[in-house]
Amino acid sequence: MAGVVEALERSFGSRSVITDPEIISRYLIDWTGRFKGDALCVLRPVNSWQVQRALEIAREFHTPLTTQGGNTGLVGGATPAVRGIVLSTELLKGIEIDAELQIAKVGAGVTLSELNLKAGEAGLRFAVDLASRDSATMGGMVATNAGGIHLIRYGGTRQQLLGIEAVLGNGCLITRMEGLLKDNTGYDWPSVLCGSEGTLGVITSVVFKLTPMPAHRSVALISVDTIGGALRIMTDAKTRFSQLNAIELMSRSGIELVQLLGGDRWPFQAIGAFALLVELSGAFIEVEELAEFLDSHDEVADAALANDSRADGLWYWRERHTVAINHAGIPRKLDVSLPIRAIPAFVGYVNELVEREHPEVKVVLFGHLGDGNIHVNLLNVDESDDELDHEIYAGVASYGGSISAEHGIGRAKVHDLTLTRSDSDIESMKSLKRALDPSMILNPGVLFE
Ligand SMILES: Cc1cc2nc3c(=O)[nH]c(=O)nc-3n(C[C@H](O)[C@H](O)[C@H](O)COP(=O)(O)OP(=O)(O)OC[C@H]3O[C@@H](n4cnc5c(N)ncnc54)[C@H](O)[C@@H]3O)c2cc1C
């Protein structure tokens, strides 16, 4: 590794290679504060040629290289596990909107909000939306195959991805940037790299489908007493509303933490065991139909409706969850997906397990209920104690779910991957890794042990 920083400085100039410990410290800790790392330097390339050169130098000096976008990932994948180079994509900018084709060509370092600001000028938007929109980058969203709040309607990041430019670990520059809707000419690089968490290559640009911005939206915040009741409302809403855009779940402990942030007032007298947030959007919205729908459900304990810009006030309660949980301590974030029918049993399993074996732990459940995606957040867990995580993941596996719905495996879940992927599955993934990153320099410690 000796001499790698000097080699980078010779190629890129000392201003692009940051070694000042104070400046690089923000790249060395993840969003939750749980994962920490160390680095020889942070490199901020401005184009794909520089990325290619950086990987060449990293290979030559056998130096690990961790790619980092907006550093909002929740499984520690962007925090270096081994001291080496952090390649930050924050200067890989550039947005081209083709309003006629409804596509966007964007640099990997463009944030979701930046893309939506530009696409909005043409009445378009990116269909995937996350509360981390001001920092999460398009490269990071592809690398994690981010899901978000509109997946039930539009699919996740993979479903929006039409093209990619990336430098693979073996040094090859892959360019599939035509943005064709159909292209069956062999292995599909966008699909291969989507969800690869920086282990196969560095994504430098992407082509995405865009979707028309809906003229109106209507949101209902609904208080319910049981998870079974929440599921019945959800199932009915899915059948009834073609304009359904989101169905999100919250639970009392999370709402109470959001209250502690001291913002808005909870709109109901009491906080029920669970709350649902249902959003419809489109050219026009049948508000009366939504109100009538809520009236027809005995499971609804309380409900509030808001349209268009006032809907943000109701979204506040869901969107502030991740921040509110972080304010309460360093959380374990178990982002899991389950067959929808198994959700009540799984929620019961988690609550009973914690009550019985770890009464000191606080559980905060929320998530994208419409997709079967529950975020199990655990507070007050001892830093070195992974036992509860394993027991919950084992429960997920026994119910036929997945230990990662949308955040990826990162460093947080490497030991549990075998629960829901077979040995031959993992061995085949490793073969792909060895073929595309033969020097094994990209994101060591991420995805595989
Ligand atoms: C408040 C909040 C809300 C969130 N909500 C959601 C949600 O609803 N749905 C969801 O899916 N996630 C959510 N997340 C998680 C996170 O925002 C996403 O995983 C996001 O896609 C990460 O993007 P990033 O640019 O921050 O990536 P980073 O955190 O920088 O990196 C994540 C991973 O991708 C790799 N990577 C990053 N850029 C590249 C690149 N250009 N090439 C190759 N590899 C790369 C990194 O090495 C790392 O393994 C949320 C996070 C927060 C803080």
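Now for a quick tour of the structure. (Residues numbered from 1 in each chain as written. Predicted model: local features only at pLDDT ≥ 70, side-chain atom pairs only at ≥ 80, totals over all residues. Heavy atoms only, no water.)

1. As for the site of the ligand
Thinking step 1. The environment of the ligand is made up of 36 residues, and the closest members are Thr 67, Gly 69, Thr 72, Ser 132 and Thr 137.
Thinking step 2. In the model, an oxygen atom of the ligand is placed 3.2 Å from a nitrogen or oxygen of the Glu 197 main chain.
Thinking step 3. Contact with the protein chains covers 97% of the free accessible surface of the ligand, which is 980 Å².
Thinking step 4. Those elements giving two or more residues to the shell around the ligand turn out to be β3 (65-68), α5 (138-144) and β10 (201-209).
Thinking step 5. Considering every element that reaches the shell around the ligand, the biggest residue donor is α5, with five residues.
Thinking step 6. Class assignment for the residues of the shell around the ligand results in 12 nonpolar, 22 polar and two charged. (Near = heavy atom within 4 Å. Polar contact = N/O pair within 3.5 Å; in protein donor to acceptor, adjacent residues only side chain to side chain. Areas by Shrake-Rupley, 256 points an atom, 1.4 Å probe, with all protein chains shown as cover. Helix = DSSP H or I, 4+ residues; strand = E, 2+ residues; numbered from the N terminus. Nonpolar A, V, L, I, M, F, W, Y, C, P; charged D, E, K, R; others polar.)

2. Regarding the packing of aromatic side chains
Thinking step 1. Tallied over the full model, the rule gives seven aromatic pairs.
Thinking step 2. Aromatic pair Phe 241 and Phe 293: ring centres 5.2 Å apart, planes at 75°, arrangement edge-to-face. One end of the pair, Phe 241, is in the loop between α9 (227-240) and β13 (244-251); the other, Phe 293, is in helix α11 (residues 287-295), with 52 residues separating them in the sequence. Each member of the pair, Phe 241 as well as Phe 293, is classed as buried.
Thinking step 3. Ring plane angle 85° and centroid distance 6.3 Å describe the contact between Phe 346 and Tyr 399, whose orientation is recorded as edge-to-face. One end of the pair, Phe 346, is in helix α14 (residues 343-357); the other, Tyr 399, is in the loop between α15 (387-398) and α16 (417-420), and 53 residues separate them in sequence.
Thinking step 4. Look at Phe 346 and you get buried, because its relative accessible area is 0%.
Thinking step 5. With a relative accessible area of 28%, Tyr 399 lands in the partly exposed category.
Thinking step 6. Here the aromatic residues Trp 266, Phe 268, Tyr 316 and Trp 317 are joined through ring pairs into a cluster of three or more. (Phe/Tyr/Trp six-rings, centres within 6.5 Å; stacked < 30°, edge-to-face > 60°. Buried < 20%, exposed > 50% of the residue type's maximum accessible area, 1.4 Å probe, protein only.)

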